[in-house]
Amino acid sequence: MAGRPTKAGLDYFELDCHMEEKVRLIQAEFGLKGFAVLVKLYQKIYGGFGYYCEWTIDSLLLFMSENGLPSDNKNLIADIVAACIRRNIFSEQLFNDFNILTSEGVQKRYLNATSKREKIELKKEYLLIAVPENSKKVVINSIFDGRNSINGGRNTQSKGKESREEKRKLEETRLDNTPLIAPLQVANDEPKTKRVRKTKEDSIQILDRLILNYSMSDFLLEKVREWIEYKVARKESYVEQGMKSLLTKISKEAQKNGDAAVVDVIDLSMGNSYKGILWDKISKNNNQQPFSRNGERDILNEWRSS
């Protein structure tokens, strides 16, 4: 007879009456909504895997649905999570490496709360704390090879650091002065179509993870995706830091000149087969009449002028 599956999450968790300064700053920045979202995130972490939760675009949509939040709150939730990461309430390194939200404090409280359990399973790549050497019941798994090690205990983040360092060395400087592009590093014996598909998927995954930190309309995001596909077709891909630089630049230009102007200059760059986005041309496009593409551009500008 098969044994019962090991329980991961908690039924309840402690909440301090006197919160840390970084938590109070979230409330100061976003009001009670910021505090409420943080508590809901703690519930998601402790009630799910216990010491972390996954955080992607799909996670954001489910989070909003499960908490009865309307779709126009998407940017607010993303901004709150980004602020929590910026203030080290959640680990920025593990968010960037694995799309998860966790912290040393969360992991310590989880181990204390599960101290009477017969078995506790952890992922070594996610650990920010050392597990006591006498904790025989703690089973530490690897997300990469599936092999278990009892009481591994040490924080193993070197692989992620080495990977990011390699990406930095591969970066090239683009025409728009943002270090964005790395050449494809795929085995030569893979079919060309498979290499292109894999590179596109990797770039889109990076975009889907990082876009949570930016306020960007669906209209503009669709064009960003087109730009990424254009770059992949040119056998160029985006590394982590490069994607951040791209999204930051696009967000700033959209705030300054409007979404339509940014879309125009991206179309201009792709239409002329340029390697980078010609941001110096954006002022020339800014005052042009919008063109129609399934009505999107006309509707957007009509809404802005009303």
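The coordinates are above.
Described below are features of the structure shown in this document. (Residues numbered from 1 in each chain as written. Predicted model: local features only at pLDDT ≥ 70, side-chain atom pairs only at ≥ 80, totals over all residues. Heavy atoms only, no water.)

1. With respect to the packing of aromatic side chains
Selection rule: In this scheme Phe, Tyr and Trp rings, the latter by its six-membered ring, pair at centre separations within 6.5 Å, and the angle between planes marks the pair as stacked below 30 degrees, edge-to-face above 60, and tilted otherwise. Numbering goes from the N terminus for both helices and strands, where a helix is a DSSP run of H or I of at least four residues and a strand is a run of E of at least two. Each residue is placed in one exposure class: buried if its accessible area under a 1.4 Å probe, protein chains only, is under 20% of its type's maximum, exposed if it is over 50%, and partly exposed if it falls in between. Cation placement over rings: the criterion is NZ of Lys or CZ of Arg within 6 Å of the ring centroid and within 35° of the ring normal.
Tallied over the entire structure, the rule returns 9 aromatic pairs. Here the aromatic rings of tryptophan 227 and tyrosine 230 are separated by 5.0 Å at their centres, their planes lie at 35°, and the arrangement is tilted. Within this pair, tryptophan 227 and its partner tyrosine 230 are both found in helix 9 (residues 218-233), separated by 3 residues, close to a single helical turn. Tyrosine 230 matches tryptophan 227 in its accessibility class, with the two residues each being buried. The side chain of lysine 123 reaches across the aromatic face of phenylalanine 49, ending 5.8 Å from its centre.

2. A closer look at the environment of alanine 113
One can find alanine 113 in helix 6 (residues 104-113). For the pair alanine 113 and tyrosine 12, spaced 101 residues apart in the sequence, the C-alpha separation amounts to 9.2 Å.

3. Quick word on the pairing of strand 4 (residues 138-141)
Selection criterion: A strand pair is defined by DSSP finding two or more bridges across the two strands.
The alternating pattern of strand 4 places Val138 and Ile140 on one face and Val139 and Asn141 on the opposite face, and all of these are buried. Across 4 bridges, the pairing between strand 3 (residues 120-123) and strand 4 is parallel. Residue pairing in the sheet places leucine 122 in a bridge with isoleucine 140 of strand 4.

4. Some remarks on the side chain of arginine 117
To be explicit about the condition: Polar contacts, as used here, are pairs of N or O atoms within 3.5 Å; protein pairs need one atom able to donate a hydrogen and one able to accept it. Residues neighboring in sequence count only if both atoms are side-chain atoms. Contacts are assigned to residue pairs that have any heavy atoms within 4.5 Å of one another.
With respect to the element layout, arginine 117 can be found in the loop between helix 6 and strand 3. Within the structure, arginine 117 has its side chain in polar contact with the backbone oxygen of alanine 8 (distance 3.2 Å). For arginine 117, the residues in contact, after removing those within four places along its chain, are Lys7, Ala8, Gly9, Leu10, Tyr110 and Lys137.

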